[in-house]
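Coordinate inspection notes
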Amino acid sequence: MISLKALTKKYGDHAAVDDLTLEIKPGAVTGFLGPNGAGKSTTMRLILGLDRPTSGVALVGGVPYHRLKEPLRTVGALLDARAMHPGRSGRAHLRALARSNGIAVGRVAQVLEMVGMEPAAGKRAGALSLGMSQRLGIAAALLGDPEVLMFDEPVNGLDPDGVRWVRQLMRSLADEGRTVFVSSHLMSEMQLTADHLVVIGKGRLIMDAPLPEVIARSSLTAVVVRTPYAGELAVRLAAAGGEVTRTGESELQVTGMAVERVGDLAHEAGVRLHELRTREASLEQAYRELTESSVEYGVRG
Ligand SMILES: Nc1ncnc2c1ncn2[C@@H]1O[C@H](COP(=O)(O)OP(=O)(O)OP(=O)(O)O)[C@@H](O)[C@H]1O
């Protein structure tokens, strides 16, 4: 479990992280989303004690990072895959990390196997491809067999097999009951990977909800109904609080109302239906709606 309580980090007058309060729970993959500059990396750095909050606290398993006795056994993180001594081999890097954290050196071979990089383990870290560096960074995060894992853009530079592998790894870590907190700009990937989403913009919390709820709340998620009595049903649905758009002679789209309720109202009205389904927004669409006013840099297409 990761707990943030009124977590705030200011650089001069600018709040990179602004009063964030939330819990990232075990047994789930929590996606961490936000436009460039939203404060994701800063939040992760604060959790890992790499930066000091201006105010508020970040706790891992109920304790601030700097008070953890054996930090790598509690939380493993991949922040910047290239942040390694370039002249050292991946294996040597992991061994040094194990030794300095009281972890049995035998664990190194295990994590190298888990990430599928034994063949490249003897190469200098500086000579590794970005994809291999990512795997090495993930191996380092797994070294202490921690309960909490944090990954900043873990699929950067990975090929489609690598992306699938990361997705499966996150799933299995969460299924083992661990807390998995992962940032990404790849919405299609997040839609496949995450159970829960935390969305921030300009350092502030925009959304903290299960993925299906984020999708359901999008205005682009709608119930589609086909019926020969579209006009009659439209009146009934609107009277019950639905937002109804007539999209064809015999087709309606309804927002603000669950599919079950639409079916029940049609039944009560004695209206025959030829089709009743939910058309879900993609996470990309839901995300764009949520963050429209929070984009700090760049131009939105
Ligand atoms: N050391 C620093 N000094 C001054 N400002 C900083 C520093 N680190 C981050 N910032 C600012 O804090 C804000 C949040 O940055 P951060 O890197 O946490 O965002 P992010 O969500 O991780 O972005 P990205 O998606 O681009 O990685 C930005 O406005 C950034 O310029």
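Residues numbered from 1 in each chain as written. Predicted model: local features only at pLDDT ≥ 70, side-chain atom pairs only at ≥ 80, totals over all residues.

As annotated in an unreviewed UniProt entry, the protein carries the name ABC-2 type transport system ATP-binding protein and is attributed to Nonomuraea soli.

1. Here we look at the site of the ligand
Stated precisely, the cut-off is as follows: Put plainly, near means the residue's C-beta atom, positioned from the backbone, lies within 6 Å of the molecule or strand in question. Strands here are runs of E lasting at least two residues and helices are runs of H or I lasting at least four, both read from the DSSP assignment and numbered beginning at the N terminus. When residues are grouped by polarity, Ala, Val, Leu, Ile, Met, Phe, Trp, Tyr, Cys and Pro land in nonpolar, Asp, Glu, Lys and Arg in charged, and all others, Gly among them, in polar.
Taken together, the residues surrounding the ligand are Tyr-11, Ala-16, Gly-34, Asn-36, Gly-37, Ala-38, Gly-39, Lys-40, Ser-41 and Thr-42. Ranked by residue count, the leading element in the shell around the ligand is helix H1 (residues 40-47), at three residues. Looking at the shell around the ligand, its residues break down into three nonpolar, six polar and one charged.

2. Comments concerning the domain arrangement of the protein
Cut-off, in case you're wondering: These domain boundaries are the output of an automatic or database domain assignment.
For the protein, the assigned domains read domain 1 (2-209) and domain 2 (222-279). Distance between the C-alpha centres of domain 1 and domain 2: 45 Å.

3. Comments concerning unusual backbone geometry
Our working definition: Partly exposed residues are those whose C-beta has more than 12 but fewer than 20 other C-beta atoms within 10 Å; with 20 or more the residue is buried, with 12 or fewer it is exposed, and the C-beta atoms are placed from the backbone.
With phi around 50°, Asp-145 is a residue other than glycine that occupies positive phi space. Mapping Asp-145 onto the fold places it in the loop between helix H5 (130-142) and strand S7 (148-152). For Asp-145, a count of 14 C-beta atoms within 10 Å puts it in the partly exposed group. Backbone geometry places Lys-202, a non-glycine residue, at a positive phi of 50°. Its location among the elements puts Lys-202 in the loop between strand S9 (196-201) and strand S10 (204-210). A tally of 20 C-beta atoms within 10 Å means that Lys-202 is categorised as buried.

4. Description of the nonpolar core
Going by this rule: The term nonpolar core refers to a set of buried Ala, Val, Leu, Ile, Met, Phe, Trp, Tyr and Cys residues connected through C-beta atoms within 7 Å. By definition, residue pairs are in contact when their C-beta atoms, positioned from the backbone, come within 7 Å.
Membership of the largest hydrophobic core comes to 66 residues, with the highest contact counts inside it found for Val-111, Met-117, Ala-139, Leu-143, Met-150 and Val-180. It is H5 that provides the largest number of residues to this core, a total of seven residues. Non-local contacts of Leu-143, meaning those with residues more than four positions away in its chain, are made with Leu-72, Gly-76, Leu-94, Leu-97, Ala-98, Ile-103, Arg-107 and Val-111. Listed in part, the 10 residues of the second largest apolar core include Ala-222, Val-225, Leu-237 and Val-262.

5. Some thoughts on the confidence of the model for the protein
Fine structural detail should not be taken from predicted coordinates in areas where pLDDT scores are low. Test applied: Scored from 0 to 100, pLDDT records how confident the predictor is in each individual residue.
Overall, the predicted model of the protein reaches an average pLDDT of 92, with 97% of residues at or above 70. For this predicted complex, the interface confidence score (ipTM) comes to 0.95, while the overall pTM stands at 0.89.

6. A closer look at helix H6 (residues 160-175)
The line we're drawing: An expected span of 1.5 Å times one less than the residue number is assigned to each helix. By construction, the arc corresponds to the directions joining the helix axis to the C-beta atoms.
Helix length check: H6, at 16 residues, gives a terminal C-alpha distance of 23 Å against a target of 22 Å (1.5 Å per residue), a fit within 8%. Every buried residue of H6 is accounted for by Val-166, Met-170, Leu-173 and Ala-174. Burial along H6 is one-sided: seen end-on, the buried residues are contained in an arc of 100°. Residues Pro-160, Asp-161, Gln-168, Ser-172 and Asp-175 are exposed on H6 and point more than 90 degrees away from its buried face.

7. Digging into the sheet that holds S9
For the record, the criterion: Whether two strands pair depends on DSSP finding at least two bridges between them. Axis lines are fitted through C-alpha atoms, for helices just across the contact stretch, and the angle between N-to-C directions can take any value from 0 to 180 degrees.
Ordered in space as S6-S7-S8-S3-S9-S10, the six strands form an open sheet in which the pairing is mixed. Each edge of the open sheet is held by one strand with a lone partner, namely strand S6 (75-78) and S10. Each adjacent strand pair in this sheet contributes to an overall mean axis angle of 15°, direction not counted. Pairing between strand S3 (residues 28-33) and S9: four bridges, direction parallel.

8. A word on the sheet that holds strand S13 (residues 251-255)
Here we have four strands laid out as an open sheet, ordered S12-S13-S11-S14, and antiparallel in their pairing. A single partner strand is all that each edge strand has here, and the edge strands are strand S12 (243-248) and strand S14 (275-279). If you compare each strand with its neighbour and ignore which way they point, the axes differ by 25° on average. As paired strands, S12 and S13 are joined by five bridges and run antiparallel to one another. Residue Glu-243 lies in a different strand from S13, and its bridge partner there is Thr-255.

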